[in-house]
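Remarks on the overall topology
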Amino acid sequence: MKTIMTGLLAGAALALTISAAAAQAQRSTLDQVKARGVLNCGSNTGLAGFGVPDAQGNWSGLDVDYCRAIAAAIFDDPSKVKFIPLTAQARFTALQSGEVDVLVRNSTWTMTRDTTLGIAFLATNYYDGQGFMVRKSLGVTSALKLEGAQVCTQQGTTTELNLADFFRKNNLKYTPVTFATADETRSAYEAGRCDAFTTDASGLYSERLKLSRPDDHIVLPEVISKEPLGSAVRANGDSQWANIVKWTHYAMLNAEELGVTRANLAQSLQSNNPEIRRLLGVESKLGEGIGLTNDWAARIIRHVGNYSESFERNVGAGSPLKISRGVNALWSNGGLQYAPPIR
Amino acid sequence: MSMQSAPETGKASLWYDPKIRGYVYQALLIGAVVYIGYTMISNVSQNLARQRIPFGLDFWDSQAGFDINQALFPYSARSSYGDAFWVGLLNTLLVAAFGIFFATILGFLVGIARLSKNWIVAKAAMVYVEVIRNLPLLLQLLFWYKAVLEPLPRPRDSIAIPGGALLNNRGLYVPEPVFSAGAGLIGAAFLLAVFGSIAFYLWAKQQQAATGRIYPIGWLSLGALIGLPAVAYVVTGGPISFNYPAMGGLNVRGGITVYPEFIALLLGLTTYTAGFIAEVVRAGILAVSKGQWEAADSLGLPYSRTLSNVVIPQALRVIIPPLTSNYLNLTKNSSLAVVIGYPDLAQVFLGTVLNQTGRAIEIVGITMAVYLTISLLTSAFMNYYNQRMALVER
């Protein structure tokens, strides 16, 4: 009888642990992040300009700044982020399973992903499109001349699908050669395994810099797809968390639009402009509405800066990539970046 | 005495009875397993429902939308995820079958070489075995992939191999046979030669057992296998032509392509597994008692015949069980193809399909079931073969 009792007790203990785990899963993401004291951010394994660790393990990039901005809004400390490097294959599973709180890993927003994976895309922090890179010596000047080419690409990406679409649409033959990671793909291309390398245009510029002789390679002019790269969270009905992630990006855009920068934050706090005063929480209680403090946006600007500052620092003029704002300019400058007003 | 002790132990005996105790423990174990299984399933389904992740195999017939370079049947981006699964599975089986075939041959050669009386041959085999067995397979695969890719020329400078094949860093291009009317006769002639050889082999063995006369089975069969189709080819007026690969545009066109990923994976799996098989073979041969060698020697049998007719048949009984596990290892190791981009089951299904559909639980489950099935089937076949080879008491 004693053994049966022990068995029952053990069983009950197990059941308790499991229901405790379930209860924890029911708590809001913001509460979990606060209790943990650190934001788990799904990041790239290494894409210069977007998410890459340096030799000391300090992460930088446009996507990385997005996560730092979320941490700044919650903790007033941009360093309270744990970056979890994810391959293209592992990223959505990591988000679904709760390993990361938010995924900002140059992931394309598509209908399939948004509706069938149990995740929700929130805000596009970079509008991209897919391109091709080839060796100059190949003598190819247009993607339409790639008949019969062997093309290296990363598996499990929208790139792989657009590639098939592009060649099918233009009635061209090609052979895909797919690899699990960006590094394997690039190194195979560099070894001459493929005629062309394809990924998002921003990624092409970044990968090109990693080649031993970047000048021997050119990016072809065609952009063959729409790649809105954005942030995603679990679609579990936690609208508070979705709002925090979404409005962090919008706050950075609104700050750029209103001319609020890291440098002039102190003066901006004294500004008479009602829009600036609302953004920085001087005369609004909007932050409390999403479970944060009212100076949430001021914290983002203080620690990370507005969208323009982050862009120029990571991928723009202040970076080796030297990508122009292009479609990522503010709507008021003819671009696509448009944030709903903070009021 | 027993009468007296019976009422005393009556109450306690139920618990101290090993049989009943055994039942109780087993019931507890089953209960625990069922409970854990139930919790896992209900936990997963609850979590999936809460996160609104659909569950099921409805994705199987959806259009895949991606291409795969090496497919053993017509596959395109318009095919379904189910087709992609079969492409991956067949590619796994293809590399496993070739790998097992070559690893067995190489392994037997190296294993026998290790026992050679020639010092250089024996030491060379030893060095091979020690190096291959002690380096991680992943490293060896990357090595072979680089070794295949790096020294080979660009398509424009392809190496022409006599017979019309081309070799470059995009793969080996071999002429593709094109069959026209009358080609069926050649196939029929080949089949006839195969069945004829088998019949002759059985007859010759019977004759040998009865009269002791040895027939040249190998040479006669080989002659029939090559000769009969050749005669048929000439008689029907040469109905097979070849589609030769040639440089066109950016790459070689025509012919059958053997991709460098396949070559590298096959080389890696073959040489690695052969190292283990060599040791199994060596152990098997050493397990045959020395008296058998001496008996064969005293009958005046030459070394090769002693090996093939006396020692190896007895060694096989020791060799087959560990050989089976090496075959299973090779098949499972083929999933390391992921690192060099060979489109096997793990790369296509567990990689791309999982990522495009997001159905992690279903796809991981199916993949595990497939590898398990392949392994169990291989194992069942080898057990059957082992039983046939086992010592039969007369």
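Residues numbered from 1 in each chain as written. Chains lettered and ligands numbered in written order. Predicted model: local features only at pLDDT ≥ 70, side-chain atom pairs only at ≥ 80, totals over all residues.

1. Let's talk about the overall build of chain B
When its secondary structure is counted, chain B shows 12 helices and eight strands. For 394 residues, the compact-globule estimate of 2.2 N^0.38 gives 21 Å, and chain B exceeds it by more than 25% at 29 Å. Here chain B holds 394 residues, and 30% of them are scored as buried. Across chain B, every contact between residues at least 6 apart in sequence was considered, and the portion connecting residues at least 24 apart equals 68%. (Helix = DSSP H or I, 4+ residues; strand = E, 2+ residues; numbered from the N terminus. Rg over C-alpha atoms; globule rule 2.2 N^0.38 Å. Buried ≥ 20, exposed ≤ 12 C-beta atoms within 10 Å, placed from the backbone. Contact = placed C-beta atoms within 7 Å.)

2. Remarks on the interface of chain B and chain A
Counting residues at the interface gives 36 residues for chain B, matched by 37 residues for chain A. Those elements that place two or more of their residues in the side of chain B that touches chain A are α2 (18-50), β7 (251-253) and α11 (345-357) of chain B. Of the residues forming the side of chain B that touches chain A, the biggest block, six residues, is contributed by α2(B). Looking at the side of chain B that touches chain A, its residues break down into 13 nonpolar, 16 polar and seven charged. (Nonpolar A, V, L, I, M, F, W, Y, C, P; charged D, E, K, R; others polar.)

3. Structural notes on the confidence of the model for chain B
All names here are of chain B. Averaged over every residue, the pLDDT of chain B is 87; residues scoring 70 or more account for 96%. This model gives residues 1-6 a pLDDT under 50, and the stretch forms zero contacts once residues within four places in sequence are excluded. Prediction confidence for the complex, expressed as pTM and ipTM, is 0.81 and 0.77 respectively. (pLDDT = per-residue confidence, 0-100.)

4. Remarks on the domain arrangement of chain A
In many reports, interface size means the accessible area that the parts give up when they come together. All names here are of chain A. By the assigned domains, chain A splits into domain 1 (26-128 + 228-333) and domain 2 (130-225). Relative placement of domain 1 and domain 2: their C-alpha centres are 29 Å apart. Contacts between the two partners involve 16 residues from domain 1 and, on the opposite side, 14 residues from domain 2. The residue makeup of the side of domain 1 that touches domain 2, split by class, is eight nonpolar, seven polar and one charged. (Domains from an automatic or database assignment.)

5. Some points on the packing of helix α3 (residues 81-114) of chain B against α11(B)
All names here are of chain B. In contact at an axis separation of 7 Å, α3 and α11 are set at 160 degrees when each is read in the N-to-C sense. Between α3 and α11, the angle falls in the class roughly antiparallel. On the side of α3, the interface is formed by Tyr-81, Ala-84, Phe-85, Val-87, Gly-88, Leu-89 and Thr-92, while α11 contributes Leu-345, Gln-347, Val-348, Phe-349, Val-353 and Thr-357. (Axes fitted to C-alpha atoms, helices over the stretch in contact; angles between N-to-C directions. Parallel < 35°, antiparallel > 145°, perpendicular 65-115°, else oblique.)

6. Quick word on the pairing of strand β2 (residues 165-168) of chain B
Residues and elements named next belong to chain B. Alignment of strand β1 (residues 159-161) against β2, held across three bridges, turns out to be antiparallel. In the strand pairing of β2, Ala-160 is matched with Leu-166. Of the pairings in the sheet, the one linking β2 to strand β3 (residues 171-174) comprises three bridges and is antiparallel in character. If you follow Asn-168 over to β3, its bridge partner there is Gly-171. In textbook terms, the turn of a hairpin is the stretch between consecutive antiparallel strands, and for β2 and β3 this stretch comprises two residues. (Pairing = 2+ DSSP bridges.)

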